[in-house]
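In case you want the letters, here they are:
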Amino acid sequence: MTRSLGTDPPELRAERRLRAPRRRHGQEEVARRRFRRLKKELRLDGPEAPPSAAGPAHRVDIVVVPARKGYFHPLKPADIKRAFEFFGPLVVYGIRSVEMRPSVRRSFPNVPIARLQVPGKVVLYEQLQPPWSLSDLSEESIDRLRRAGASVEEELGAARVDWTSQALKDFVLFEGLMHEIGHHLIQQHTGKRSVRVMRTADHELRAAAFVETCRRAWTNAKRQP
Amino acid sequence: MTRRVRLVGDGVENPANARALMDAAAMFGAACAFRDTRGLLAAWDAERGGELDLIDTHNLIDRQWPIVAVENTPGASIVYGATLPGTQSSIVVGGERLGIRADLLRAAARTVSIPMSGRGVNTLNVAAAAAVALYYLTAGRGLGPRLARRPEERRPALLLSCPKDHVEAGSAIRSAAAFGWRTVGLDDSSRVWFGVSRGVTAEGRAAARSHRNLIRVLPMTTGSNLAFRRIVVAGARVDGPPIHSVNLTGRDTLLVIPDEGDAGMPSFSNLGGSVERARIDLSVPALHYRYRLVATIVIAEAARQTGLRPAGQPRLPGRRGLTYESTLSTVARGGAEEVDPAVLKTF
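Here the structure is a predicted model, which is why all the values come from computation and not from measurement. (Residues numbered from 1 in each chain as written. Chains lettered and ligands numbered in written order. Predicted model: local features only at pLDDT ≥ 70, side-chain atom pairs only at ≥ 80, totals over all residues. Heavy atoms only, no water.)

Visitor: How should the environment of F86 of chain A be read in this particular structure?
Guide: All names here are of chain A. By secondary structure assignment, the location of F86 is in helix α3 (residues 77–87). On the accessibility criterion, F86 (37% relative accessible area) is partly exposed. Between the C-alpha atoms of F86 and W218, which are 132 residues apart in sequence, the distance is 8.1 Å. Setting aside residues no more than four positions away along its own chain, F86 makes contact with A217, W218 and A221. (Helix = DSSP H or I, 4+ residues; strand = E, 2+ residues; numbered from the N terminus. Buried < 20%, exposed > 50% of the residue type's maximum accessible area, 1.4 Å probe, protein only. Contact = heavy atoms within 4.5 Å.)

Visitor: Just to check I follow, could you spell out the packing of helix α6 (residues 165–188) of chain A against helix α7 (residues 200–223) of chain A for this structure?
Guide: All names here are of chain A. Contact geometry for α6 and α7: axes closest at 8 Å, N-to-C directions at 130°. The angle between α6 and α7 places the two elements in the oblique class. Relative to α7, α6 is oriented so that their crossing is right-handed. Looking at the contact of α6 with α7 residue by residue, the classes come out as twelve nonpolar, six polar and six charged. (Axes fitted to C-alpha atoms, helices over the stretch in contact; angles between N-to-C directions. Parallel < 35°, antiparallel > 145°, perpendicular 65-115°, else oblique. Left-handed = near helix turned anticlockwise from the far one by under 90°. Nonpolar A, V, L, I, M, F, W, Y, C, P; charged D, E, K, R; others polar.)

Visitor: When you look at α3 of chain A in this model, what are you seeing that I'm missing?
Guide: An α-helical turn contains 3.6 residues, so any two residues separated by three or four positions project in the same direction. Residues and elements named next belong to chain A. Among the residues of α3, D79, I80, A83, F84 and F87 are the ones counted as buried. For α3, the angular spread of the buried residues around the axis is 135°, confining them to a single face. Contact partners of the buried residues in α3: β1 (61–64), α4 (89–92), β3 (97–101), β5 (121–125), α6 and α7. (Arc of directions from axis to C-beta.)

Visitor: Would you explain the packing of aromatic side chains in this entry?
Guide: The relation between two aromatic rings is expressed through the spacing of the ring centres and the mutual angle of the planes. Within the structure shown, the criterion is met by eight aromatic pairs over all chains. Ring centres 6.0 Å apart and planes at 75° place the aromatic pair F174 of chain A and W218 of chain A in the edge-to-face group. One end of the pair, F174 of chain A, is in helix α6; the other, W218 of chain A, is in helix α7, and 44 residues separate them in sequence. For the residue pair F174 of chain A and W218 of chain A, the accessibility class agrees, reading buried in each case. Cluster of aromatic residues (ring-pair linked, three or more members): F86, F87, F174 and W218 of chain A. Sitting over the ring of Y71 of chain A, R68 of chain A keeps its end group 4.4 Å from the ring centre. In this structure, R6 of chain B is placed above the aromatic ring of W65 of chain B, and the distance from its NZ or CZ to the ring centre is 4.5 Å. (Phe/Tyr/Trp six-rings, centres within 6.5 Å; stacked < 30°, edge-to-face > 60°. Lys NZ or Arg CZ within 6 Å of the ring centre and 35° of its normal.)

This is the structure:
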């Protein structure tokens, strides 16, 4: 069975393309080796074409728009870079930018955390300084906050949500950035990057599963000395 | 210079709307009369509504009282910034279904329109429209329209606080939808909207034009922090500067319209953010308070400050492409409901 470069495992493909994003696929090392072997078998002679310019390595732009008064960005660019280094090329491949922006009321009355604009743009929204007082939160959201380490006190129709600095940072990292990257990976590795490839509910489930995997890996790495 | 204004309802059919029109006129110290072309007098209950002042066509088309027609006709000028043509004028509003008749439109010295950007619902209740016209023509101090490329990005969130009547609440919701709001919060402490009897539900939803109205009505409470940076409480009896001098716009602004009827107003100190107050200048604010009239004037002023899209400019397309969003979701209770027209006929 032959295997083309397009069906490389995503980890290998991501790593290779991050290293040389502008190199044509026919100029990959494996392709060039195969072509040399074919020429030898067919006894064809001639100069080999020079490899095309590989271009600079892939870089994710991190844009920070200052938060408004009373709000802040829990993650710093260094935190995002550290996470990218930890999770490796797979999560970075295809991401064009991560932008930290003031929140918008598009999602009112829901509280926005992050958004993925396909293909490859992740927006992380500013968050209110804790403690938060949020009204009419759904049970699912309260569970999500508790899982992320927040202390949630439920009152009549409202919830008081308090965070430690690290818990809020992790919340935005996983429920915001990695959740959207989970969506991104589904789109990126199907080849149909700007077309909805599955039902939104399934998309969300897979993104949530990806977040859990990442969270486990992150926690385990922190535990190890 | 003292201006004399009379409000004329042309072809109004519903006695309840006629009573609301009389209240709108009373709020601005104007006289109110009706040209009865569609059987209003027959349906009028003098004991309940008082004396009905009728006017005939001959007396209405009087050069001493030039007519200002409030109608969304082509070529009508925008009510924001419009002025009255003389020291005394007749402001004419049309009936619920057919509007102002052609003979009055032809005789009108001026025609003004109330610009609305709502989808589904793009008309106001006749009394609410009259209140907006009276406010801008008599008390609005020539406040001109503003232009904005993306007005929806400056539109504040809206909270209708404790309306005490379901029809008044429904009319206010309809006004919000007509001026372009897609979501409105409702503090239903007076129990007029959510979980009420079938009859009350049907009347309220009919006033809100729920069968065409795409607005979402979310239950909210004024006792919790809603995470808005600015809270602006606006009304007729609120102690504060005039509403046109207060900025009502902004994504992080919550505009609260309390019902200032008989009972006292709730405290808004728990809503979070800085609380500002704004007052509608009315000639006779103490008389005939009606929630829908005050709410519609406040919403119209917020819409005026938010801005109008320049004429001829097409609606900008939404953000293109596929997006996924991670949010903390709130409980999706309430919402606009569809009413079966067969049910409405029973009321």
